[in-house]
Amino acid sequence: MPAPPDTPDLLLAGGDVLLHDGEWRVERVDVMVREGRIATVGKGERPSTRLQVRDCSGCLVMPGLIQAHVHLCQTLFRGLADDLRLEDWLVRRIWPLEAAHTQETVYWSAMLGAAELLLGGTTAILDMETVRHTGAAFQALERIGIRAAVGKCLMDAHPEGAPLELAESTDNALAEAEALAKLWHNRAGGRLQVCFAPRFVPSCSGPLLRAASDLAERFNAQLHTHAAETIVERETVLRTTGLEEIAYLDSVGISGPRAALAHCVWVDAHETARLARQGTTVVHCPSSNLKLASGVAKIPELLAAGCRVAIGADGAPCNNRLDVFAEMRLAALIQKPRLGADALPAGRVLELATLGGARALGLEAELGSIAPGKRADLVVLDLREPHLHPAIGDPVSLVVYAACASDVRDVFVAGKPVVLGHELLTASLEEIVREADRCAAELFRIAQPA
Ligand SMILES: [Zn+2]
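Residues numbered from 1 in each chain as written. Predicted model: local features only at pLDDT ≥ 70, side-chain atom pairs only at ≥ 80, totals over all residues. Heavy atoms only, no water.

1. Let's talk about the packing of aromatic side chains
For the structure shown, the criterion picks out 3 aromatic pairs. Ring plane angle 5° and centroid distance 4.9 Å describe the contact between phenylalanine 138 and tryptophan 184, whose orientation is recorded as stacked. Note that phenylalanine 138 is positioned in helix α3 (residues 134–144) and tryptophan 184 in helix α4 (residues 170–184), a separation of 46 residues in sequence. The pair phenylalanine 138 / tryptophan 184 is uniform in exposure class, with both members buried. Centroid distance phenylalanine 196 to phenylalanine 219: 6.0 Å. Interplanar angle 40°. Geometry classified as tilted. Here the residue phenylalanine 196 occupies a position in strand β12 (residues 192–198), and phenylalanine 219 occupies one in helix α5 (residues 206–219), the gap between them amounting to 23 residues. In this structure, phenylalanine 196 and phenylalanine 219 share a single accessibility class: buried. Lying over the aromatic face of tryptophan 184, arginine 187 brings its terminal NZ or CZ to 4.4 Å of the ring centre. (Phe/Tyr/Trp six-rings, centres within 6.5 Å; stacked < 30°, edge-to-face > 60°. Helix = DSSP H or I, 4+ residues; strand = E, 2+ residues; numbered from the N terminus. Buried < 20%, exposed > 50% of the residue type's maximum accessible area, 1.4 Å probe, protein only. Lys NZ or Arg CZ within 6 Å of the ring centre and 35° of its normal.)

Spelled out as structure tokens, the structure:
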């Protein structure tokens, strides 16, 4: 929905603006925002009499950062599931906690996660919720102002990968996903979308995966799942389907530009070539892959093969931050011991968190760079802190290797200020933290660790 006509234009003035035209470059220019989109990028233009000017001198104005794999429903589980490998982490902690969720706890979990994301410069996400109460997550995100494609987690009866308390019948899972799409897809001026989110192959029957792919096609929405996260998963899929995981997902329609596959740590050269051919997005989650001891995804090899790659923090209980700056820094660093110091340069990593994320959301024409016509999802980074000086070098190096979430001063989503001067404008942070703590204690009481 365009901003009401009486909304004044917004001018981000005097900042160093991070632009991308094949390569990153910085120019000291003004960014004019009109009706939720970037109108002009240039110098000295003040055409409107009704103009709000935000002084950005001493700051870097950059595209809003995009995380293409998060689970907001798990934010309340932060610190409740440490030091476990994926399979134990799911069975002993995450699934019982997800099963204990109520509408209220899903709502505050989403508010807490989205507050952390926005305050840290993430303006758009691809989010996988749990099986129930996804409408409550949408309500939270409608209020707090982040851009999101949200999927109810799909899990139908399967002997190894769907616990009884979460598994649904195939028909019920699909019917609810479709109902959510009818209610929420392209709401809030397109800021909210659905995605269709089968948890992972071991949780899902073939018919469920195929039908999720058909629904994504019908609603013109994205598909969001996990793939090839651990060696155990890879072997389970091979044993139960007779196919390698990427080939199996392709056989049920979970592939191509609509599909975002989180992790892909355990894919061979053959599968890498297949992912590149399909135009499927791989979502790299370096902290989560390290913390759950899953491995290191071969991102330089995936990029060299022509794969689309985005980045994400995954969930709070496997990270335990939702900090895109931490993910970018780690993504760059973890490849270096294996492949050399130039394995994944800072500029490439920043592309994963901007243009790569935009592609994962199917919004490459709308998001991911500062250019006239694109949605005004913008971040203003305060460069005054000592860890960002001397500021004479490459600004992209500052962003990827030195900046942190707390350097984010202002955040705009579709031109609307959501964070100004490090303060969240759309909800009370005090209330969010209080309610989140109360809800987490309730969940922890119901779902004691096994
Ligand atoms: Zn995940």
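Here the narrative resumes.
2. Considering the pairing of strand β8 (residues 65–70)
Of all 6 residues that make up β8, 6 are buried, and the element is covered over most of its length. Looking at chain direction, β8 and strand β9 (residues 122–128) are connected through 4 bridges and run parallel. Residue pairing across strands places leucine 65 opposite threonine 122, the latter belonging to β9. (Pairing = 2+ DSSP bridges.)

3. A closer look at the sheet that holds strand β6 (residues 51–55)
Pairing within the open sheet is mixed, and its 4 strands lie in the order β5-β4-β1-β6. Each edge of the open sheet carries a strand with a single partner, namely β5 (37–42) and β6. The mean inter-strand angle of the sheet, taken between neighbouring strand axes irrespective of direction, is 20°. As paired elements, strand β1 (residues 9–13) and strand β4 (residues 30–34) share 3 bridges and run antiparallel to each other. Bridge pairing in β4 links leucine 10 to valine 33. (Axes fitted to C-alpha atoms, helices over the stretch in contact; angles between N-to-C directions.)

4. Topic: the side chain of histidine 185
Within the secondary structure, histidine 185 is located in the loop between α4 and β12. A polar atom in the side chain of histidine 185 sits 3.0 Å from the backbone nitrogen of valine 194. Here the side chain of histidine 185 touches phenylalanine 219 through a polar contact of 3.0 Å, landing on its backbone oxygen. In this view, histidine 185 contacts Leu180, Leu192, Gln193, Val194, Phe219, Asn220 and Ala221; residues no more than four positions away in its chain are not counted. (Polar contact = N/O pair within 3.5 Å; in protein donor to acceptor, adjacent residues only side chain to side chain. Contact = heavy atoms within 4.5 Å.)

5. Structural notes on the nonpolar core
In terms of nonpolar packing, the biggest core is built from 128 residues, with Leu141, Ile144, Phe196, Phe325, Met328, Leu350 and Leu424 touching the most fellow members. Examining the composition of this core, we find that 10 residues originate from one element, helix α2 (residues 103–119), more than from any other. Within the second largest apolar cluster, 16 residues are counted, among which are Val17, Leu19, Ile38 and Ile370. (Core = buried A, V, L, I, M, F, W, Y, C linked by side-chain atoms within 4.5 Å.)

6. Considering the coordination of the zinc ion
Expected angles at a metal are 109.5 degrees for tetrahedral coordination by four donors and either 90 or 180 degrees for octahedral coordination by six donors. Around the zinc ion, the donor atoms from the protein are His69 (NE2), His71 (NE2), His226 (NE2) and Asp314 (OD), and they sit 2.1 to 2.3 Å away. Around the zinc ion, the 4 donor atoms sit at angles spanning 87 to 175°, and that spread fits a shape best called irregular. Mapping the donors of the zinc ion onto the primary sequence yields the spacing H-x1-H-x154-H-x87-D. Of this pair, histidine 69 sits in strand β8 while aspartate 314 sits in the loop between β16 (308–311) and α11 (324–334), and the two are 245 residues apart along the sequence. (Donors = N, O, S within 2.8 Å, 3.2 Å for Na, K, Ca; no water. Tetrahedral: all angles 85-135°; square planar, octahedral: opposite > 155°, others 65-115°.)

7. Overview of the pattern of salt bridges
Taken as a whole and assessed by the stated rule, the structure comprises 32 salt bridges. A salt bridge links arginine 28 to aspartate 16; the nearest nitrogen and oxygen atoms lie 2.9 Å apart. A residue pair is termed long-range when its members are at least 10 positions apart, and arginine 28 in strand β3 (residues 24–28) and aspartate 16 in strand β2 (residues 16–20) qualify at 12 residues. Residue glutamate 178 is joined to arginine 218 by a salt bridge in which the shortest nitrogen-to-oxygen separation is 2.7 Å. You can see glutamate 178 sitting in helix α4 and its partner arginine 218 sitting in helix α5, a full 40 residues away along the chain. Owing to a relative accessible area of 52%, arginine 218 belongs among the exposed residues under this scheme. The network of salt bridges with shared partners includes Glu104, Arg434, Glu435, Arg438 and Glu442. (Salt bridge = Lys/Arg side-chain N within 4 Å of Asp/Glu carboxyl O.)

8. Observations concerning the sheet that holds strand β18 (residues 408–413)
In a beta sheet, neighbouring strands pair by backbone hydrogen bonds and run either parallel or antiparallel. Sheet architecture is open: 7 strands sit in the order β3-β2-β7-β17-β18-β19-β20, paired in mixed fashion. Taken across any chain shown, the strands that pair with only one partner, and hence form the sheet edges, are β3 and β20 (423–424). Judged from the 5 bridges that link them, β2 and β3 form a sheet pairing that is antiparallel. Pairing of valine 17 across the sheet is with glutamate 27, part of β3.

None of the figures reported here should be taken as evidence of function without further support.
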